[in-house]
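# A structural walkthrough
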Amino acid sequence: MAELAPETIERLRVAADAAATNAYAPYSGFRVGAALLFEDGTVVTGCNVENISYSLTICAERTALVRAIATEGATRKIVAVMIANLNHAASSPCGACLQMLSEFVEHDAVIWFPAANDMIQKPFHELLPYAFSNWQKE
Ligand code: THU
């Protein structure tokens, strides 16, 4: 798993927290932010955006991902993801977000997410070990 410098972790934490303040979550009240760190050092953030249909809601991680690709293309790999939750609740990335991230993350990218009382860091491949992907061919 990639080891991040303390200042990089702090930069991601501040970015994810700031993104979470923009969450549109009138239905769940659950305000989530995500910050993606790319291999070139750039950081792209996103927040959850809910919809009255409920099922059309998009999570913070996927918002960040599609924003990054829309603005800067899909050539760079993600080396770290930081998730923030303004409700101080456990907030692991959901399966849909992990599957979408799997297309663009380094296999051992470090994923930081809030547990009930602290932050957990895990390599991506431990969170979604059997992602639907072409890794097995690599
Ligand atoms: N949510 C995220 O933003 N990321 C996740 O990985 C899990 C869930 C959001 C979606 C919804 O707006 C709220 O949290 C409650 O599920």
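Here we summarise the structure given alongside this text. In this numbering scheme, every chain counts its residues from 1 along its sequence in written order. The model is predicted, so local features are restricted to residues of pLDDT at least 70 and side-chain atom pairs to those at 80 or more, both for listing and for counting; the totals for chains, interfaces and linings are taken over all residues. Water and hydrogen atoms play no part in the side-chain values, which are based on all heavy atoms of the structure.

### Points about the site of the ligand
Around the ligand, the neighbouring residues are Ser 28, Phe 30, Val 32, Asn 48, Glu 50, Thr 57, Cys 59, Ala 60, Glu 61, Ser 92, Pro 93 and Cys 94. Under this definition, polar contacts are N or O atom pairs within 3.5 Å; protein pairs additionally need one hydrogen-donor-capable and one acceptor-capable atom, and for neighbouring residues in sequence, both atoms have to be side-chain atoms. Within the side chain of Asn 48, a nitrogen or oxygen atom sits 2.9 Å from an oxygen atom of the ligand. Residue-level accessible areas treat just the shown protein chains as cover; the underlying method is Shrake-Rupley with a 1.4 Å probe. In isolation the ligand has 380 Å² of accessible area, and contact with the protein removes 80% of it. Polarity classes work like this: nonpolar for Ala, Val, Leu, Ile, Met, Phe, Trp, Tyr, Cys and Pro, charged for Asp, Glu, Lys and Arg, and polar for all others, with Gly in that last group. Residue classes in the shell around the ligand are distributed as 6 nonpolar, 4 polar and 2 charged. By convention in these notes, a residue is near a molecule or strand provided one of its non-hydrogen atoms lies within 4 Å of it.

### Some details on the pairing of strand 3 (residues 78-85)
The element strand 3 is largely enclosed, with a buried count of 8 among its 8 residues. For two strands to be treated as a pair, DSSP must find no fewer than two bridges joining them. Only DSSP runs of H or I covering at least 4 residues are called helices, and only runs of E covering at least 2 are called strands; the numbering of each starts at the N terminus. Across 4 bridges, the pairing between strand 3 and strand 4 (residues 105-114) is parallel. Its bridge partner being in strand 4, Met 82 is matched across the sheet by Trp 112. Crossover strand 3 to strand 4 through helix 3 (residues 95-102) is right-handed. Each residue is placed in one exposure class: buried if its accessible area under a 1.4 Å probe, protein chains only, is under 20% of its type's maximum, exposed if it is over 50%, and partly exposed if it falls in between. Crossover handedness is defined by viewing with both strands directed away from the observer: a clockwise path from the first strand over the helix to the second marks the crossover as right-handed.

### Observations concerning the nonpolar core
With 22 residues, the main nonpolar core has Leu 36, Ile 78, Leu 101 and Phe 124 as its most contacted residues. Within the second largest apolar cluster, 12 residues are counted, among which are Leu 37, Val 79, Ala 80 and Trp 112. Working definition of a nonpolar core: buried Ala, Val, Leu, Ile, Met, Phe, Trp, Tyr and Cys residues. They are joined through side-chain atoms within 4.5 Å.

### Looking at the sheet that holds strand 1 (residues 32-38)
Taken in spatial order, the 5 strands of this open sheet run 2-1-3-4-5, and their pairing is mixed. One side of each edge strand has no neighbouring strand; the edge strands of this open sheet are strand 2 (43-47) and strand 5 (119-123). The mean inter-strand angle of the sheet, taken between neighbouring strand axes irrespective of direction, is 15°. Along the sheet face, helix 1 (residues 6-20) touches strand 1, strand 2, strand 3 and strand 4 and points at about 140° away from the line of strand 1. Residue contacts follow a heavy-atom distance rule, with two residues in contact if any of their heavy atoms lie within 4.5 Å. Here an angle of 0 to 180 degrees is reported between the N-to-C directions of two axes, which are lines fitted to C-alpha atoms, with helices fitted over the stretch in contact. Contacting strand 1, strand 2 and strand 3, helix 2 (residues 60-72) crosses the sheet at an angle of about 135° to strand 2.

### So, the side chain of Glu 61
With respect to the secondary-structure elements, Glu 61 resides in helix 2. Positive: Lys, Arg. Negative: Asp, Glu. His and the chain ends are not part of the count. Every case where a carboxyl oxygen of Asp or Glu lies within 4 Å of a side-chain nitrogen of Lys or Arg is listed as a salt bridge. At 6.4 Å, Arg 62 is the nearest oppositely charged side chain to Glu 61, a buried residue that forms no salt bridge. What Glu 61 contacts, discounting residues up to four positions off in sequence, is Ala 34, Ile 83, Pro 93, Cys 97 and Leu 101.

### Focus on helix 1
Take the residue count of a helix, subtract one, and multiply by 1.5 Å to get its expected span. With 15 residues, helix 1 extends 21 Å between its outermost C-alpha atoms, agreeing within 8% with the 21 Å of an ideal straight helix rising 1.5 Å per residue. Taken as a whole, helix 1 has its buried residues at Thr 8, Leu 12, Ala 15, Ala 16, Ala 19 and Ala 20. Viewed end-on, helix 1 has its buried residues packed into an arc of 135°, placing them on one side of the element. What points out from helix 1, more than 90 degrees from its buried face, is the exposed set Pro 6 and Glu 7. Buried residues in helix 1 make contact with strand 1, strand 2 and strand 3. When we speak of the arc, we mean the arc of directions from the helix axis to the C-beta atoms.

Note that all results are geometric; they support no functional claim without further evidence.
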